[in-house]
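Chain by chain, the residues run as shown.
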Amino acid sequence: ENTNNPLLMWQVFISQLNALFWMREYLAVVSLAQKYPPPKHKRALAIMRSFYEGIASLSLARDTRQEKYRHVGEEAVKTVAKFELKSEWNFENKSKLLQAELHY
């Protein structure tokens with residue numbers, strides 16, 4: 001069915017990222033994240049997109065040694081670190097996990 005509900009579409013998108021991430025389909029995660037850029041007006045929702053894209057990209061960078069994936073991962077680390085400054089309680093764990101993956 002078709003819908004014009006942006007929140008519903010965003011939930012479907014995040015659910016797809018989540019499922020692909022846990023199935024270790026990192027190329028599919030990065031591809032899907034690049035296909036649908038983050039919305040400027042829904043910053044709280046964009047954090048999960050950045051988190052999944054970052055973890056997947058850093059894992060791919062380590063496995064494939066391709067610099068393009070590392071760059072995407074580094075951008076995700078910066079994005080999540082900005083959110084951590086605003087709400088340490090909610091985003092510190094995600095920021096630390098991305099930083100650990102970056103330095104692995």
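What counts and how
Residues numbered from 1 in each chain as written. Predicted model: local features only at pLDDT ≥ 70, side-chain atom pairs only at ≥ 80, totals over all residues. Heavy atoms only, no water. Helix = DSSP H or I, 4+ residues; strand = E, 2+ residues; numbered from the N terminus. Expected span 1.5 Å × (residues − 1). Buried < 20%, exposed > 50% of the residue type's maximum accessible area, 1.4 Å probe, protein only. Arc of directions from axis to C-beta. Polar contact = N/O pair within 3.5 Å; in protein donor to acceptor, adjacent residues only side chain to side chain. Salt bridge = Lys/Arg side-chain N within 4 Å of Asp/Glu carboxyl O. Contact = heavy atoms within 4.5 Å. Core = buried A, V, L, I, M, F, W, Y, C linked by side-chain atoms within 4.5 Å. Axes fitted to C-alpha atoms, helices over the stretch in contact; angles between N-to-C directions. Parallel < 35°, antiparallel > 145°, perpendicular 65-115°, else oblique. Left-handed = near helix turned anticlockwise from the far one by under 90°. Nonpolar A, V, L, I, M, F, W, Y, C, P; charged D, E, K, R; others polar.

1. Focus on helix α1 (residues 6-22)
- Here α1 contains 17 residues, and its C-alpha end-to-end distance of 24 Å stays within 8% of the 24 Å for a straight helix at 1.5 Å per residue.
- For α1, every residue scored as buried is listed here: Trp10, Phe13, Ile14, Leu17, Leu20 and Phe21. Projected down its long axis, α1 carries its buried residues within an arc of 130 degrees, all on one side.
- The N-capping residue of α1, defined by a side-chain oxygen 3.2 Å from the backbone nitrogen of Leu8, is Asn5.

2. A few points about the pattern of salt bridges
- Across all of its chains, the model carries 4 salt bridges by this definition.
- A salt bridge links Glu101 to Arg62, with the nearest nitrogen and oxygen atoms 2.4 Å apart. One end of the pair, Glu101, is in helix α5 (residues 88-103); the other, Arg62, is in helix α3 (residues 43-64), with 39 residues separating them in the sequence.

3. So, the side chain of Glu101
- In this structure Glu101 comes out as buried when scored by relative accessible area, which is 18%.
- For Glu101, the residues in contact, after removing those within four places along its chain, are Ile55, Leu58, Ser59 and Arg62.

4. Quick look at the nonpolar core
- The biggest cluster of nonpolar side chains holds 26 residues, and the ones touching the most others in it are Phe13, Leu17, Phe21, Val29, Tyr52 and Leu98.
- Looking at this core, the elements with two or more residues in it are α1, α2 (26-35), α3, α4 (67-86) and α5.
- Per-element accounting of this core gives the leading share, 8 residues, to α3.
- Contact partners of Phe13, with chain neighbours within four places excluded, come to Leu32, Ala33, Tyr36 and Arg49.

5. Considerations on α4
- If you check α4, its first and last C-alpha atoms are 30 Å apart, about what 20 residues at 1.5 Å a residue would give, namely 28 Å.
- Buried residues of α4: Tyr69, Val72, Gly73, Ala76, Val77, Val80, Phe83 and Glu84, and no others. Along the axis of α4, the buried positions cluster into a sector of 150 degrees, meaning they face one direction only. For α4, the exposed residues set more than 90 degrees away from the buried face come down to Glu67, Lys68, Lys82, Leu85 and Lys86.

6. Observations regarding the environment of Gly54
- On the secondary structure map, Gly54 appears in helix α3.
- Through-space distance from the C-alpha of Gly54 to that of Val30 is 8.4 Å; in sequence the pair is 24 residues apart.
- If near-sequence neighbours (up to four positions away) are discounted, Gly54 is found in contact with Gly73, Ala76 and Leu98.

7. Observations regarding the side chain of Ser87
- Following the sequence through the fold, Ser87 ends up in the loop between α4 and α5.
- Taking the relative accessible area as the measure of exposure, Ser87 reaches 19% and is therefore buried.
- Among the polar contacts made by the side chain of Ser87, one reaches the side chain of Asn90 at a distance of 3.0 Å.

8. Topic: the packing of α4 against α5
- Relative to each other, α4 and α5 sit at 155 degrees, their axes nearing to 8 Å. The pairing of α4 with α5 is recorded here as roughly antiparallel in orientation. Crossing of α4 against α5: the hand is left-handed. Residues Arg70, Glu74, Ala76, Val77, Val80, Ala81, Phe83, Glu84 and Lys86 of α4 form the contact with α5, whose participating residues are Glu88, Phe91, Glu92, Lys94, Ser95, Lys96, Leu98, Gln99 and Leu102.
- Partitioned by chemical class, the residues of the contact of α4 with α5 number 8 nonpolar, 2 polar and 8 charged.

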